[in-house]
Amino acid sequence: MIKKYAIANWKMNLSLNDITKWLNNFQYTGNVKVLLAPSYPYLGLIDHTRCSAQNVSVKEQGSHTGETGIFQIKDFCTHCIIGHSERKESKKIVLEKRDLCLNNGVTPIVCLSNPEESYDYYRSGTLLAWEDPKNISVGGVLNQIDINEIKNVIYKMKKALPEEAVLIYGGSVNRQNIPALNNTTLIDGVLVGGASLDPQHFMDIIKVLEK
Ligand code: PGA
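Below: a short report on this structure. (Residues numbered from 1 in each chain as written. Predicted model: local features only at pLDDT ≥ 70, side-chain atom pairs only at ≥ 80, totals over all residues. Heavy atoms only, no water.)

## Describing the nonpolar core
- Grouped together as the largest cluster of nonpolar side chains are 53 residues, with contacts concentrated most on Tyr169 and Phe202.
- In terms of residue count, helix 7 (residues 199–210) provides more of this core than any other element does, 6 residues in total.
- Setting aside anything within four residues of it in sequence, one finds Tyr169 in contact with Trp130, Asp132, Asn135, Leu142, Ile150, Ile154, Leu181, Ile187, Gly189, Val190 and Leu191.
- Of all hydrophobic cores here, the second largest spans 12 residues; its members include Tyr5, Ile109, Leu127 and Ala129. (Core = buried A, V, L, I, M, F, W, Y, C linked by side-chain atoms within 4.5 Å. Buried < 20%, exposed > 50% of the residue type's maximum accessible area, 1.4 Å probe, protein only. Helix = DSSP H or I, 4+ residues; strand = E, 2+ residues; numbered from the N terminus. Contact = heavy atoms within 4.5 Å.)

## Concerning unusual backbone geometry
- Here the phi dihedral of Leu14 falls at roughly 75°; this positive angle occurs in a residue that is not glycine.
- Topologically, Leu14 is positioned in the loop between strand 1 (5–9) and helix 1 (16–24).
- Overall, the relative accessible area of 18% leaves Leu14 in the buried class.
- Of note, Lys88 is a non-glycine position whose phi angle comes to about 50°, a positive value.
- With respect to the helices and strands, the residue Lys88 is situated in the loop between strand 4 (79–82) and helix 3 (91–103).
- On the accessibility criterion, Lys88 (73% relative accessible area) is exposed.

## Considering the side chain of Asn9
- With respect to the secondary-structure elements, Asn9 resides in strand 1.
- Look past the residues within four positions of Asn9 in its chain and what remains in contact with it is Ala37, Gln54, Ile81, His84, Leu191, Val192, Gly193 and Ser196.

## Some remarks on the site of the ligand
- Near the ligand, the surroundings consist of 13 residues, among which Lys11, His84, Ser137, Ser172 and Gly193 are the closest.
- Interatomic distance of 2.8 Å between a side-chain N/O atom of Lys11 and an oxygen atom of the ligand.
- Within the backbone of Gly193, a nitrogen or oxygen atom sits 2.9 Å from an oxygen atom of the ligand.
- Relative to its unbound accessible area of 280 Å², the ligand is 94% covered by the protein chains.
- Partitioning the shell around the ligand into residue classes produces 3 nonpolar, 8 polar and 2 charged. (Near = heavy atom within 4 Å. Polar contact = N/O pair within 3.5 Å; in protein donor to acceptor, adjacent residues only side chain to side chain. Areas by Shrake-Rupley, 256 points an atom, 1.4 Å probe, with all protein chains shown as cover. Nonpolar A, V, L, I, M, F, W, Y, C, P; charged D, E, K, R; others polar.)

## Some details on the sheet that holds strand 2 (residues 33–37)
- Spatially, the 8 strands line up as an open sheet ordered 2-1-8-7-6-5-4-3, and their pairing is parallel. Across the chains shown, the open sheet's two edge strands, defined by having one partner strand only, are strand 2 and strand 3 (52–53).
- Relative to strand 4, strand 3 is paired through 2 bridges, and the arrangement is parallel. Counted as the bridge partner of Ala53 is Cys80 from strand 4. (Pairing = 2+ DSSP bridges.)

## So, the pattern of salt bridges
- With the rule as written, the count across this model stands at 12 salt bridges.
- In this structure, the salt-bridge partner of Asp188 is Lys158, at a minimum N-O distance of 2.8 Å. Linking Asp188 in the loop between helix 6 (178–184) and strand 8 (189–192) with Lys158 in helix 5 (residues 144–160), this pair joins segments that are 30 residues apart in sequence.
- Taking relative accessible area as the criterion, Asp188 reaches 18% and is therefore assigned buried.
- We note a salt bridge from Glu210 to Lys207, for which the minimum N-O separation is 3.9 Å. Separated by 3 residues within a single helix, Glu210 and Lys207 lie in helix 7, roughly one turn from each other.
- Residue class for Glu210 comes out partly exposed when judged on its relative accessible area of 24%.
- It is possible to trace a salt-bridge network through shared partners that takes in Arg87, Glu89 and Lys97. (Salt bridge = Lys/Arg side-chain N within 4 Å of Asp/Glu carboxyl O.)

## Details of the packing of aromatic side chains
- As enumerated under the stated definition, the model contains 5 aromatic pairs in all.
- Ring centres of Trp10 and Trp22 lie 4.9 Å apart, and the angle between their planes is 65°; on these two criteria the pair is classed as edge-to-face. Of this pair, Trp10 sits in the loop between strand 1 and helix 1 while Trp22 is found in helix 1, placing the two residues 12 residues apart along the sequence.
- The buried category is assigned to Trp10, whose relative accessible area is 0%.
- Accessibility expressed as a relative area gives 2% for Trp22, which makes it buried. (Phe/Tyr/Trp six-rings, centres within 6.5 Å; stacked < 30°, edge-to-face > 60°.)

So, to be careful, I would describe these as geometric facts and stop short of saying anything about function.
So, in structure tokens, the structure goes:
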């Protein structure tokens, strides 16, 4: 049974050589659900059961140069990150992409910034990731006060969502703050950017989630 999720969002980082080395240095078989999200060209390097895309086209198929469709994503991935705040997509687009994933058997990891809207983004089968705008990509800085705030927000979001909803936290998660995050919040896992670029650092986070 999945205990918690550890999702590595590598964003636009890591070359072919870097990813090959990363994978050689990462062996994990425990009960934390690990997902790795590389840039599109490298999806095929990741085991299908662990592979997530970082985005998908809102279009299904056809003449859309530079886009990657859900029918292609699903050849490589079980999951797909949708609506990351760095992409600045409208709610309408995010919801369309969410449904496209669900209709094609890919689990969407739907990112949202405004906790008040969690119910709008939820649909059975989705993973929700609350990305605290204050903590996204700020170089791993997250202090104790923030953790208390995060705890309150997550608690309120959980109350507004159906009991089975999976809620993941994202924003400056690192090996220093994961013990406090894991102890004091009701999070079902973490979406990790910067700290996931180092396999050992990511592993240290996973070990805490196992406890
Ligand atoms: P960060 O990124 O851990 O570097 O803040 C998290 C995210 O944007 O998913």
